[in-house]
Amino acid sequence: MRILICGGGISGLSTALALKNDGHEIELIEKASGWRAEGAGLHLPGNAVRPMEQLGIYQDVTDVAFILPRIRYTDHRAVTLFDLELQDGSWPVFQAISRAAFHAILRRHLPDLHVRFGCKVTESRGGADGDKGPVQVTFSDGSASDYDLIVAADGINSATRARHWGRDLAPVPAGISCWRWMTDLPDGQAEPHFMLGRGTVLLVMPVSAGTAYVFASVVDPDGSFAHQGIEFLRSAFADFGGAVPALLACMENDEPILPGVLAQMIVPKWFQGVQVLVGDAAHGTLPTMAQGATMAMEDALVLAESLREHADIGVALNQYEKRRLPRAQWVQQQSLKRMGLARLKSGPLIFLRNSLMKRLGPKVLASGWRPLIDQSF
């Protein structure tokens, strides 16, 4: 089977790796001029272990990742609300890694992958619902070719999805702007912690003993803060304690600070004919449960398994969607609920939130990850 994968991020590379040994002729296109790993860091919760093992990358990741001993939630002053202990024998390994390092590991496992950089699809014909024939694809460089399957792995703003599912199907903003960056850690701060403020959240996630991924977010219904820079962040998080003042003071020395607007992508049907969505193109999710990379790997493995089990592409894609859609929707719902903690601004509600977190925090946090670990994908 000739398969075209659109997008060279985690979804696209995971899909290529899952299909690697199945005898397909795989081609991957990436609109950028070379490899790039968008974003800063990755939190890989315990349910990431199984898909990484099946893709054959688990040991490579663990060799360079930071193993999380616990996850700590604090208030904005860095006063501990609760700890979720992760090394008590009841959890698989939770770890964190830079996106660049994770991306490099996936690439290393695909030395023979046929990749075309600086390339986009400009037109495709055939392969719609009811048409199981090959898709005729024309590329931005003027070349053209036929494919038996098109995999859209080009992210939450997928051009492939827009072309075939329609532009009315678009990401739904959450009314929260965010910033991500990598930084050197102050001494003694090599511990992951989520800090909850007044409509603000700041996450410090170590990816090594001396380096961390930082995620900061601000409630922003109209997106007016989305492209603000360092001075805005210093003002918005000026009342935060702990390591935050030191982190804010050295931002000019850090890697580029990546702004964004949080959104979810709700897609009721993940395939049309022989064109299928994977990863964020199918189910872009808020980051509160840290499921983006893990869900992308799971998608890739289930798609590959479905294609192995069914010679009829339509049947295979239907099985893939049937298996993956409920799990993805559950993650989206849980992620949205947890994002509600970031929206609170009034003093009484924040007091109530913090009081409840002290009592119930570990149970609430575990209730999101435990089903994903215990249930097969």
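See above for the structure.
In short, a report on the structure. Throughout, residues of each chain are indexed from 1 in the direction in which the sequence is written. The predicted origin of the model limits local features to residues at a pLDDT of at least 70 and limits the giving and counting of side-chain atom pairs to 80 or more, whereas totals for whole chains, interfaces and linings rest on all residues. Note that water and hydrogens are dropped before the side-chain values are worked out from all heavy atoms of the structure.

Let us now look at the overall build of the protein chain. Helix and strand content of the protein chain: 11 helices and 19 strands. This radius of gyration counts C-alpha atoms alone. The globule rule is 2.2 Å times how many residues there are, raised to the power 0.38. Against the 2.2 N^0.38 benchmark of 21 Å for 377 residues, the protein chain shows a C-alpha radius of gyration of 21 Å, consistent with a compact globule. Overall, the C-alpha framework of the protein chain stretches about 60 × 45 × 35 Å when taken along its three principal axes. Three exposure classes are used, based on accessible area relative to the maximum for each residue type with a 1.4 Å probe and protein chains only: buried under 20%, partly exposed in between, and exposed over 50%. The buried share among the 377 residues of the protein chain stands at 53%. Strands here are runs of E lasting at least two residues and helices are runs of H or I lasting at least four, both read from the DSSP assignment and numbered beginning at the N terminus.

Before going further, it helps to examine a nonpolar patch on the surface. Nonpolar side chains collect at one region of the surface, where Leu349, Leu352, Leu356, Leu360 and Val364 lie side by side and expose about 400 Å² of accessible area between them. With respect to the secondary-structure elements, leucine 356 resides in helix α11 (residues 347-374). What goes into a patch is any residue over 30% in relative accessible area without a salt bridge, connected to like charges within 9 Å or, for nonpolar side chains (Val, Leu, Ile, Met, Phe, Trp, Tyr), within 5 Å. Using the Shrake-Rupley algorithm and a 1.4 Å probe, accessible areas are obtained, with residue cover drawn only from the displayed protein chains. Salt bridge, as used here: a side-chain nitrogen of Lys or Arg that lies within 4 Å of a carboxyl oxygen of Asp or Glu.

Attention now goes to the pattern of salt bridges. With the rule as written, the count across this model stands at 17 salt bridges. The closest approach of N and O atoms between glutamate 27 and arginine 116, which form a salt bridge, is 3.0 Å. Taken as a pair, glutamate 27 in strand β2 (residues 25-30) and arginine 116 in strand β8 (residues 114-117) lie far apart in primary sequence, 89 residues in all. Both residues of the pair, glutamate 27 and arginine 116, count as buried. Note that aspartate 299 and arginine 324 form a salt bridge whose closest N and O atoms lie 2.7 Å from each other. Placement of the pair is aspartate 299 in helix α9 (residues 292-309) and arginine 324 in helix α10 (residues 313-339), with a sequence separation of 25 residues. The same class applies to aspartate 299 as to arginine 324, namely buried. Members of the salt-bridge network, linked through shared partners, are Arg2, Glu25, Glu27, Arg116 and Asp141.

The next point concerns the sheet that holds strand β9 (residues 121-125). Across the sheet, which stays open at both edges, the three strands sit in the order β9-β10-β11 with antiparallel pairing between neighbours. One side of each edge strand has no neighbouring strand; the edge strands of this open sheet are β9 and β11 (144-147). Across the sheet, the axes of successive neighbouring strands diverge by a mean angle of 25°, strand direction being ignored. With four bridges joining them, β9 and strand β10 (residues 135-139) adopt antiparallel strand pairing. Residue valine 121 lies in a different strand from β10, and its bridge partner there is phenylalanine 139. For two strands to pair, DSSP has to find at least two bridges joining them. In this analysis an axis means a line fitted to C-alpha atoms, helices contributing only their contacting stretch, and an angle means the value between N-to-C directions, from 0 to 180 degrees.

Compared with an ideal rise of 1.5 Å per residue, which puts 18 residues at 26 Å, α9 spans 26 Å between its outermost C-alpha atoms and is within 8% of the ideal. Taken across its 18 residues, α9 has 14 buried, putting it largely inside the fold. Multiply 1.5 Å by the residue count of a helix minus one, and that product is the helix's expected span.

Hydrogen bonds between backbone groups are what pair the strands of a sheet, and the pairing can be parallel or antiparallel. Ordered in space as β6-β5-β14-β15-β16-β13-β17, the seven strands form an open sheet in which the pairing is mixed. For this open sheet the edge positions go to β6 (80-85) and β17 (258-264), each flanked by a neighbour on one side alone. Across the sheet, the axes of successive neighbouring strands diverge by a mean angle of 20°, strand direction being ignored. For strand β15 (residues 200-206) and strand β16 (residues 211-219), the ladder comprises seven bridges, and the chain directions are antiparallel. The residue bridging leucine 202 from the neighbouring strand is alanine 216, located in β16. The strands that α11 touches are β5 (70-75), β6 and β14 (193-196); relative to β6, the one it contacts most, it runs at about 20°. In what follows, residue pairs with any heavy atoms lying within 4.5 Å of each other are defined as contacts.

Side chains of β14 alternate between two faces, with His193 and Met195 and Phe194 and Leu196 buried alike. Alignment of β5 against β14, held across four bridges, turns out to be parallel. Considered in β14, the bridge of aspartate 75 is made with leucine 196. Where β14 folds back on β15, the antiparallel hairpin that results is connected by three residues, among which glycine 199 adopts a positive phi of roughly 70°.

This part takes up the packing of aromatic side chains. Each Phe, Tyr or Trp ring (for Trp, its six-membered ring) is paired with any other whose centre lies within 6.5 Å, and the angle between the two planes then decides the class: stacked below 30 degrees, edge-to-face above 60, tilted in between. Summed over the entire model, instances satisfying the criterion amount to 10 aromatic pairs. Taking 6.2 Å as the distance between ring centres and 85° as the angle between the ring planes, the aromatic pair formed by phenylalanine 139 and tyrosine 147 counts as edge-to-face. Each member of the pair phenylalanine 139 and tyrosine 147 is classed as buried. Between tryptophan 270 and tyrosine 320 the ring centres are 5.8 Å apart and the planes differ by 55°, which places this aromatic pair in the tilted class. With tryptophan 270 in the loop between β17 and β18 (271-272) and tyrosine 320 in helix α10, the pair connects residues that are 50 residues apart, well separated along the chain. Like tyrosine 320, tryptophan 270 is buried. Through a chain of ring-to-ring contacts, three or more aromatic side chains come together here, namely Tyr73, Phe82 and Phe194. Cation placement over rings: the criterion is NZ of Lys or CZ of Arg within 6 Å of the ring centroid and within 35° of the ring normal. One cation-aromatic arrangement involves arginine 116 over phenylalanine 139; the distance from NZ or CZ to the ring centre is 4.3 Å.

Right, let's talk about the packing of helix α1 (residues 10-18) against helix α4 (residues 99-108) for a bit. Put simply, α1 and α4 touch, their axes get as near as 10 Å, and they point 25° apart. Considered as vectors, α1 and α4 are oriented roughly parallel to each other. The two elements α1 and α4 meet at a crossing, and its hand is left-handed. Here α1 contributes Ile10, Leu13, Ser14 and Leu17 to the contact with α4, which in turn contributes Arg99, Phe102, His103, Leu106 and Arg107. Amino acid classes used here: Ala, Val, Leu, Ile, Met, Phe, Trp, Tyr, Cys and Pro are nonpolar; Asp, Glu, Lys and Arg are charged; the rest, including Gly, are polar. When grouped by side-chain class, the residues that make up the contact of α1 with α4 number five nonpolar, two polar and two charged. Angle categories are assigned with fixed cut-offs, so that under 35 degrees is roughly parallel, over 145 is roughly antiparallel, 65 to 115 is roughly perpendicular, and the rest are oblique. Crossing chirality is assigned from the near helix's rotation relative to the far helix, an anticlockwise turn below a right angle marking it left-handed and a clockwise turn marking it right-handed.

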